[in-house]
Amino acid sequence: MMNVTFDTNCIIALEAEEATADDLRRLVRAAAEGKLRLRVVAISASERPRRDAPSTGFVGFERKLANAGLGEAEILSGPAIWDLSYWDRCVWMDDERSAKVRQIHRILFPKHPYKSSGDPRGKWRNRLVDTCALWTHLHHGGGAFVTTDDDFHAKRERIQNELGTSILTPHEATVLVEQRRY
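What counts and what doesn't
Residues numbered from 1 in each chain as written. Predicted model: local features only at pLDDT ≥ 70, side-chain atom pairs only at ≥ 80, totals over all residues. Heavy atoms only, no water. Helix = DSSP H or I, 4+ residues; strand = E, 2+ residues; numbered from the N terminus. Rg over C-alpha atoms; globule rule 2.2 N^0.38 Å. Buried < 20%, exposed > 50% of the residue type's maximum accessible area, 1.4 Å probe, protein only. Contact = heavy atoms within 4.5 Å. Areas by Shrake-Rupley, 256 points an atom, 1.4 Å probe, with all protein chains shown as cover. Phe/Tyr/Trp six-rings, centres within 6.5 Å; stacked < 30°, edge-to-face > 60°. Pairing = 2+ DSSP bridges. Axes fitted to C-alpha atoms, helices over the stretch in contact; angles between N-to-C directions. Left-handed = near helix turned anticlockwise from the far one by under 90°. Nonpolar A, V, L, I, M, F, W, Y, C, P; charged D, E, K, R; others polar. Core = buried A, V, L, I, M, F, W, Y, C linked by side-chain atoms within 4.5 Å. Salt bridge = Lys/Arg side-chain N within 4 Å of Asp/Glu carboxyl O. 1 Å grid on protein atoms, 1.4 Å probe; cavity = no way out; pocket = protein on both sides within 12 Å on 5 of 7 lines; lining within 4 Å. Points joined across faces, edges and corners; volume = space filled by probe spheres on them.

### Considering the overall build of the chain
- Across its full length, the chain carries 8 helices and 7 strands.
- Here the C-alpha radius of gyration of the chain, 16 Å, is about what a compact globule of 182 residues would show, namely 16 Å.
- Overall, the chain is about 45 × 35 × 30 Å in size when its C-alpha atoms are taken along their principal axes.
- The buried share of the chain, reckoned over its 182 residues, is 47%.
- Nonlocal contacts in the chain, meaning residues at least 24 apart in sequence, comprise 64% of its contacts between residues at least 6 apart.
- Accessible area for the chain stands at about 9800 Å²; split by element, carbon and sulfur atoms hold 47% of it.

And the structure:
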């Protein structure tokens, strides 16, 4: 069965009824029909809240998933990173796993340092969350990583070649799933 992982932007798109929400809902229905394994990454709960809204913790994230129609999606544990991960929702890291996180960061954000040199709540944090989201997707078997984020799409060929996973828009993922024979 095909793995399909939604990034944080997909969750937001479903909540806000953005243009991609119809395609995302088709993928949710395909998962309910057993045509794919739908997953989200736990690290999405650590994304910087929009408009400086307070964090609602992991329970709030689970409510957000349910409200977006993703209550049945598998939540994948990501890398254990101090002040970023939820400790009961993370994978303890070793040198090999940490090296893979840094490799992904270099692919996605070659002009930005891996370590924070400024406000840990700003853009640096969101870049690290994006890096960890892709690491989590790969760590749990890869498949199709669905996102609207240009940082991923600008590097999709390199990600495919070096990491062996597909970066798809919601529409591309929907077309792929609808073309598969079951």
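### So, the packing of aromatic side chains
- Summed over the entire model, instances satisfying the criterion amount to 4 aromatic pairs.
- Between the aromatic rings of Trp-82 and Trp-87, the centroid separation amounts to 5.8 Å while the plane-to-plane angle is 40°, which identifies the pairing as tilted.
- According to the relative accessible area criterion, Trp-82 is exposed, its value standing at 71%.
- By relative accessible area, which is 38% here, Trp-87 ends up partly exposed.

### Overview of the sheet that holds strand 6 (residues 144-146)
- Ordered in space as 3-2-1-6-7, the 5 strands form an open sheet in which the pairing is parallel. Strands with a single pairing partner mark the edges of an open sheet, and in this sheet they are strand 3 (74-76) and strand 7 (166-168). Averaged over neighbouring strand pairs, the angle between their axes works out to 30° when direction is ignored.

### Concerning the packing of helix 2 (residues 21-32) against helix 8 (residues 170-179)
- The interhelical angle for the contact between helix 2 and helix 8, taken along N-to-C directions, is 35°, at an axis separation of 8 Å. For the pair helix 2 and helix 8, the sense of crossing is left-handed. Residues Asp-23, Leu-24, Arg-26, Leu-27 and Ala-30 of helix 2 pack against Pro-170, His-171, Ala-173, Thr-174, Val-177 and Glu-178 of helix 8.
- Of the residues in the contact of helix 2 with helix 8, the class split is 6 nonpolar, 2 polar and 3 charged.

### A closer look at the nonpolar core
- Ranked by size, the top nonpolar core spans 29 residues in total, and within it Val-4, Phe-6, Leu-38, Val-40 and Leu-70 carry the most contacts.
- Sorting the residues of this core by element identifies strand 1 (2-6), helix 1 (8-16), helix 2, strand 2 (36-41), helix 3 (57-67), strand 6 and helix 8 as the ones contributing at least two each.
- With 5 residues, helix 2 is the largest single contributor of residues to this core.
- Counting residues in each nonpolar core, the second largest holds 22 residues, with Val-41, Val-91, Ile-104 and Phe-145 among its members.

### Remarks on the pattern of salt bridges
- Here the structure, examined in full by the defined rule, presents 8 salt bridges.
- Between Glu-17 and Arg-25 there is a salt bridge, and its shortest N-O distance comes to 3.3 Å.
- Classification of Glu-17 as exposed rests on a relative accessible area of 53%.
- For Arg-25, a relative accessible area of 27% corresponds to the partly exposed category.
- Salt bridges sharing partners connect three or more residues here, namely Glu-17, Asp-22 and Arg-25.

### Things to note about empty space enclosed by the protein
- The final tally for this structure, using the stated rule, is 1 cavity of 30 Å³ or more.
- One number sums up the size of the largest cavity: a volume of about 40 Å³.
- Taken together, Ala-42, Ile-43, Ser-46, Phe-58, Gly-78, Pro-79, Leu-84, Ser-85, Tyr-86, Arg-89 and Cys-90 make up the full set of residues lining the largest cavity.
- In the lining of the largest cavity, the residues fall into 7 nonpolar, 3 polar and 1 charged.

Keep in mind that these numbers describe shape and distance, not what the molecule does.
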